[in-house]
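Summary of structural features
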Amino acid sequence: MQVSKCIGIILLWIAGFVFVLVGVNSNDPYLVPLRGTGNLLLVVASIAVVFVLVHGAAWHGRTRAGKLLVTLWCLPPLAMLAAHGAFEVRKHRVLQTDPVLARSLGQHFVVGYRSFDEVVPLVENGFVAGIYVTRRNIAGRTADVLRAEIATLQARRRTARLPPLMVATDQEGGIVSHLAPPLTRLPALASLAELAPDEQRAKAEEFGRIHGRELASFGINMNFAPVLDLRPVAKHNRLDFNTLINQRAISDDPAKVSAIAGAYIHGLESAGVTATVKHFPGLGRVRADTHHFNADLNAPVGELEATDWRPFRDMLSSTGTRLMVGHVAVNALDPRRPASHSKAVVDGLIRKRWNYQGIVMTDDLVMGAIYQHDVCTAVVEALNAGVDLLLVAYDGLQFYRLFACAADAAARGGLDAAMLHDSETRLRRAALVD
């Protein structure tokens, strides 16, 4: 009995520290599944444990150790309250940003959201250029509800005399078909790789037309597709839980990727939906999952341009696509930071060497390869590198932190005015800014 009691007390101490840690970090992206009901359960569990400790003589609640244990279990709700308070203070400060600065910086942000009320103030006050919709926005709802929600947000923009919202999603086909159902679930473009060339292009264009037509019917005007990463030759990485590029990449043949992707983009654009090719500089050679870990490319630039980067150059030079830059460092150009906020990659390679003057955006900044490090530095460096759009997709509430980083940098003169001016010109040319 004594042994089981000791084990129980030890487990309570460990669980208490875990609960405190969860409370302190309740705004962390990794804890998104615990928000709402999960947070409520944490509070209820903490109160229940305190009640048992205080009223259960078996736990020696009157001893010093017992009192410390009771105190420990009182901390999780207080830690959560403090974290929530800090979030609300930051949110209030952001929403009080000078309107001119808010719109100037807001044109660079695309944000995901979980509720209509959460995103309305950002949309109608110019804090964002666009929104990102995914399966959470359609779960348990009808297609008409999401369609009406997007239309209402666009109406709010018109009333505020702001540019139309960019409305984006991930509808690649295959395992990444975030709005299917209700949209048609098409196979991945990789399923076309073994067809004859003419049939490849015809089917890929048909897939693009279907996606474009259905997305446009919702009011979605930008698709984060197609994937241009080359299919990995290595075996599946067991630590890759999210990227799963071996299931999403079209082929390991650059020419085949370009042919299929180009046809798909043509079909998508025929319906008025803009494509976004991803994930430059490519995930085909990368073993780490950037949702959680750092990753880099060690190959020489010449080798990458002849292989992994060939589809990107082909699409950027021949279509109206936009470019998504991922969180992989190119060691030959800038080993110290991911491509998504590297001036050597964005301005040096993409803008100057390749002469691409279209829209460049980051992959989701709420990914471990960025968020587990200095995300403020990443935001500032991305803008100063010539990135046009910063994506905050998985956890839209992190927008307030990222926007505050940009606003603080602007206040201290840490943003490159020339880069911002060039970016605004590109956004205006792409009809994302009045």
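Up top you'll find the structure we're talking about.
This report concerns the structure included in the present document. Model, not experiment: these values are computed from the prediction.

**Considering the overall build of the chain**
- Of the regular secondary structure elements, the chain holds 16 helices and 12 strands.
- Against the globule reference of 22 Å for 434 residues, the chain gives a C-alpha radius of gyration of 24 Å, in line with a compact fold.
- Taking the principal axes of its C-alpha atoms as reference, the chain extends roughly 80 × 50 × 45 Å.
- Put simply, the chain has 434 residues, and 53% of those count as buried.
- Put simply, 74% of the contacts in the chain that link residues at least 6 apart link residues at least 24 apart.

**Notes on the packing of aromatic side chains**
- This structure, assessed with the given rule, holds 13 aromatic pairs.
- Both rings, one in phenylalanine 87 and one in tyrosine 400, keep their centres 5.8 Å apart while their planes meet at 85°; by these two values the pair is edge-to-face. Taken as a pair, phenylalanine 87 in helix 3 (residues 64–95) and tyrosine 400 in helix 15 (residues 399–411) lie far apart in primary sequence, 313 residues in all.
- By relative accessible area, which is 12% here, phenylalanine 87 ends up buried.
- Overall, tyrosine 400 belongs to the buried group, its relative accessible area being 1%.
- Seen in terms of ring centroids, phenylalanine 109 and phenylalanine 403 are 5.7 Å apart; in terms of plane orientation they differ by 45°. Their pairing is tilted. Note that phenylalanine 109 is positioned in strand 1 (residues 109–112) and phenylalanine 403 in helix 15, a separation of 294 residues in sequence. Pair check on accessibility: phenylalanine 109 and phenylalanine 403 agree, each one buried.
- For the cation-ring pair, arginine 114 lies above tyrosine 394, with the distance from its terminal atom to the ring centre recorded as 5.8 Å.
- Positioned above the aromatic ring of phenylalanine 218 is the side chain of arginine 147, whose terminal nitrogen or guanidinium carbon lies 4.7 Å from the ring centre.

**Description of the pattern of salt bridges**
- Enumeration according to the criterion identifies 22 salt bridges in this entry.
- Note that aspartate 198 is salt-bridged to arginine 201, the shortest N-O span being 2.8 Å. Taken together, the residues aspartate 198 and arginine 201, both in helix 7 (residues 197–218) and 3 residues apart, mark about one turn of the helix.
- Assessed through its relative accessible area of 37%, arginine 201 is described here as partly exposed.
- Between aspartate 388 and arginine 426 there is a salt bridge whose closest N-O contact spans 2.9 Å.

**Here's the deal with the state of the cysteines**
- Tallied over the entire structure, the rule returns 1 disulfide.
- Put simply, cysteine 376 and cysteine 405 are joined by a disulfide, and their sulfur atoms are 1.8 Å apart. Residues cysteine 376 and cysteine 405 are joined through a disulfide that is left-handed, its torsion about the S-S bond being -65°. You can see cysteine 376 sitting in helix 14 (residues 375–385) and its partner cysteine 405 sitting in helix 15, a full 29 residues away along the chain.
- Using a relative accessible area of 29% as the deciding quantity, one classes cysteine 376 as partly exposed.

**Quick notes on the nonpolar core**
- Ranked by size, the top nonpolar core spans 98 residues in total, and within it Phe109, Ile131, Phe280, Leu323 and Phe399 carry the most contacts.
- For this core, the element with the highest residue contribution is helix 15, accounting for 8 residues.

**Some details on the sheet that holds strand 12 (residues 390–392)**
- The strand order 11-9-7-6-3-2-1-12 describes an open sheet built from 8 strands, whose pairing is parallel. A single partner strand is all that each edge strand has here, and the edge strands are strand 11 (360–362) and strand 12.
- Of the strands in this sheet, strand 6 (222–223) and strand 7 (274–280) touch helix 9 (residues 254–270), which is tilted by about 145° from strand 7.
- Contacts from helix 11 (residues 310–318) reach strand 7 and strand 9 (322–325), with the element oriented near 155° to strand 7.

**What to know about the pairing of strand 9**
- Residues Arg322 and Met324 of strand 9 are buried on one face, and the alternating residues Leu323 and Val325, pointing to the opposite face, are buried as well.
- Where strand 9 meets strand 11, 3 bridges bridge the pair, whose relative direction is parallel. Paired with leucine 323 across the two strands is valine 360, which belongs to strand 11.

**Examining the environment of arginine 93**
- Its location among the elements puts arginine 93 in helix 3.
- Overall, arginine 93 belongs to the partly exposed group, its relative accessible area being 45%.
- Sequence spacing of arginine 93 and alanine 404 is 311 residues, and the spatial spacing of their C-alpha atoms is 8.2 Å.
- Leaving out residues up to four positions away in the same chain, arginine 93 has contacts with Ala404 and Asp408.

**Here's the deal with the pairing of strand 7**
- Taking burial as the measure, the 7 residues of strand 7 include 7 buried ones, the bulk of the element.
- Here strand 6 runs beside strand 7; their pairing, made up of 2 bridges, is parallel. Bridge pairing in strand 7 places asparagine 223 opposite alanine 275.

**Describing the layout of surface pockets**
- Empty space within the second largest pocket amounts to approximately 460 Å³.
- Contributing to the lining of the second largest pocket are 20 residues, with Ser26, Asn27, Asp28, Ala83 and Phe87 lying nearest its centre.
- Among the elements that line the lining of the second largest pocket, the one with the most residues is helix 3, at 8 residues.
- The residue makeup of the lining of the second largest pocket, split by class, is 7 nonpolar, 7 polar and 6 charged.

**Some remarks on the environment of proline 300**
- Topologically, proline 300 is positioned in the loop between strand 8 (296–297) and helix 10 (301–306).
- Taking the C-alpha atoms as reference points, proline 300 and valine 330, separated by 30 residues in sequence, lie 9.0 Å from one another.

**Side note on helix 1 (residues 2–24)**
- Between the first and last C-alpha of helix 1 there are 33 Å, a value that for 23 residues agrees with the 33 Å anticipated at 1.5 Å per step.
- Listed in full, the buried residues belonging to helix 1 are Gly8, Leu12, Gly16, Val20, Val22 and Gly23.
- Its buried side turned inward, helix 1 meets helix 2 (37–55) and helix 3.

What counts and how
- Residues numbered from 1 in each chain as written.
- Predicted model: local features only at pLDDT ≥ 70, side-chain atom pairs only at ≥ 80, totals over all residues.
- Heavy atoms only, no water.
- Helix = DSSP H or I, 4+ residues; strand = E, 2+ residues; numbered from the N terminus.
- Rg over C-alpha atoms; globule rule 2.2 N^0.38 Å.
- Buried < 20%, exposed > 50% of the residue type's maximum accessible area, 1.4 Å probe, protein only.
- Contact = heavy atoms within 4.5 Å.
- Phe/Tyr/Trp six-rings, centres within 6.5 Å; stacked < 30°, edge-to-face > 60°.
- Lys NZ or Arg CZ within 6 Å of the ring centre and 35° of its normal.
- Salt bridge = Lys/Arg side-chain N within 4 Å of Asp/Glu carboxyl O.
- Disulfide = S-S within 2.5 Å.
- Core = buried A, V, L, I, M, F, W, Y, C linked by side-chain atoms within 4.5 Å.
- Pairing = 2+ DSSP bridges.
- Axes fitted to C-alpha atoms, helices over the stretch in contact; angles between N-to-C directions.
- 1 Å grid on protein atoms, 1.4 Å probe; cavity = no way out; pocket = protein on both sides within 12 Å on 5 of 7 lines; lining within 4 Å.
- Points joined across faces, edges and corners; volume = space filled by probe spheres on them.
- Nonpolar A, V, L, I, M, F, W, Y, C, P; charged D, E, K, R; others polar.
- Expected span 1.5 Å × (residues − 1).

Keep in mind these numbers describe shape, not what the thing actually does.
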